[in-house]
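# Coordinates in review
Okay, here's what each chain looks like letter by letter:
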Amino acid sequence: MDDHERTRQAWAQAAHKYVREHEQFLTQARTAELFPVEQRILAPVLENAPDVLHPMSGNGVDDIALVRAGARTVTGLDYDEKAVVSAQRRADELGHPVRYVQADVPPFPVSGSAFDLVYTGKGALVWVPDLTAWAAEVARVLRPGGHLFVHESHPMVPLYSWDADTTRIRADRDYFAASHVNDSFPGSGAVERQHTFAQIVLAVTRNGLELTELQEHPDPFWRMGDVDAAAWRGGLPNSFSLLARFSG
């Protein structure tokens, strides 16, 4: 079994959570909001009621938050059928203009020049095997003047231990390695791609997108359970935000 199939199977198992905990996710979606940093950076884009594409959309809660923040429509893509069906059910129950398509991306199974914003992140890029192909698809589907927005875990994060007393660099991780086995969610042998910060930025800029915002943040977008890691207490990059404009 190759890494791609091993990861697919891990997510197929993990996605039962989205069905099993439908009511909890529905309650969360009712009041869902983007993170403050997302709201600030995306405010000028969302005020124009964009059509949004969200590759690797997962549980779909962020899609509801995008609509609540001003998006006219959102199209979510995810390769797991359970994730797509459960997210569509929540969007329909709440009456929001969100639709989902099951797809293994890239490529994106949508028309070119059809969207004003491609939104992604929060644990998505580590599942992209080919950043160049992914960024080329982003450029293909954006209308002239459209934007890519990423709010994502910093590429340094897989190197940090979760020790509470002090931050340590894991001896089993390599910043320049191509991949590593995921040991949190979804687990089960899923393989994360280890992209460097430079690789992410260059994949975007080499595909016709111009950076307008690039920020690194000390706060992680997600914390594991009741863990209180020293690495999360400031002083280290734990997430980043990127906004890029496509000139067409």
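Attention here is on the structure that accompanies the text. (Residues numbered from 1 in each chain as written. Predicted model: local features only at pLDDT ≥ 70, side-chain atom pairs only at ≥ 80, totals over all residues. Heavy atoms only, no water.)

### What to know about the overall build of the protein chain
When helices and strands are tallied, the protein chain shows 8 helices and 9 strands. Against the 2.2 N^0.38 benchmark of 18 Å for 248 residues, the protein chain shows a C-alpha radius of gyration of 17 Å, consistent with a compact globule. Based on the C-alpha atoms only, the size of the protein chain along its principal axes is roughly 45 × 40 × 40 Å. A burial count over the protein chain gives 49% of its 248 residues as buried. Contacts in the protein chain between residues far apart in sequence, at least 24 positions, make up 72% of those at least 6 positions apart. Counting every atom, the protein chain has about 11,300 Å² of accessible surface; 51% of that belongs to carbon and sulfur. Computing the positive centroid from 23 side-chain charges and the negative centroid from 33, the protein chain places the two 2 Å apart. (Helix = DSSP H or I, 4+ residues; strand = E, 2+ residues; numbered from the N terminus. Rg over C-alpha atoms; globule rule 2.2 N^0.38 Å. Buried < 20%, exposed > 50% of the residue type's maximum accessible area, 1.4 Å probe, protein only. Contact = heavy atoms within 4.5 Å. Areas by Shrake-Rupley, 256 points an atom, 1.4 Å probe, with all protein chains shown as cover. Lys, Arg positive; Asp, Glu negative; His and termini not counted. Charge placed at Lys NZ, Arg CZ, Asp CG, Glu CD.)

### Describing the packing of helix 7 (residues 131-141) against helix 8 (residues 197-205)
Between helix 7 and helix 8, the shortest axis-to-axis distance is 8 Å and the interhelical angle comes to 35 degrees. Viewed along their axes, helix 7 and helix 8 form a crossing whose handedness is right-handed. Contact residues: L131, T132, W134 and A135 in helix 7; Q199, I200, A203 and V204 in helix 8. (Axes fitted to C-alpha atoms, helices over the stretch in contact; angles between N-to-C directions. Left-handed = near helix turned anticlockwise from the far one by under 90°.)

### Observations regarding the pairing of strand 4 (residues 115-121)
Among the 7 residues in strand 4, 6 count as buried, and that is most of the element. Where strand 1 (residues 51-55) meets strand 4, 2 bridges bridge the pair, whose relative direction is parallel. Each residue of the ladder has a partner; that of L53, found in strand 4, is V118. Inspection of the sheet shows strand 4 paired to strand 5 (residues 142-153) by 6 bridges, in the parallel sense. Within strand 5, the residue paired with Y119 across the bridge is F149. (Pairing = 2+ DSSP bridges.)

### Let's talk about helix 7
All of the buried residues in helix 7 are L131, W134, A135, E137, V138, A139 and V141. Contact partners of the buried residues in helix 7: strand 1, strand 4, strand 5, helix 8, strand 8 (209-217) and strand 9 (239-246). The opening residue of helix 7 is D130, an N-cap whose side-chain oxygen sits 3.1 Å from the backbone nitrogen of T132. (Polar contact = N/O pair within 3.5 Å; in protein donor to acceptor, adjacent residues only side chain to side chain.)

### A few points about the packing of aromatic side chains
All chains considered together, the criterion is met by 6 aromatic pairs. With centroids separated by 5.9 Å and ring planes inclined at 25 degrees, the aromatic side chains of Y119 and F149 adopt a geometry described as stacked. With Y119 in strand 4 and F149 in strand 5, this residue pair connects regions lying 30 residues apart in the sequence. Judged by its relative accessible area of 1%, Y119 is buried. Since its relative accessible area comes to 0%, F149 is described here as buried. For the cation-ring pair, R8 lies above Y79, with the distance from its terminal atom to the ring centre recorded as 4.9 Å. The residue whose ring lies beneath K122 is F35, and the NZ or CZ to ring-centre distance is 4.1 Å. (Phe/Tyr/Trp six-rings, centres within 6.5 Å; stacked < 30°, edge-to-face > 60°. Lys NZ or Arg CZ within 6 Å of the ring centre and 35° of its normal.)

### Some points on the environment of A203
Mapping A203 onto the fold places it in helix 8. For the pair A203 and L142, spaced 61 residues apart in sequence, the C-alpha separation works out to 16 Å. Look past the residues within four positions of A203 in its chain and what remains in contact with it is L131, T132 and A135.

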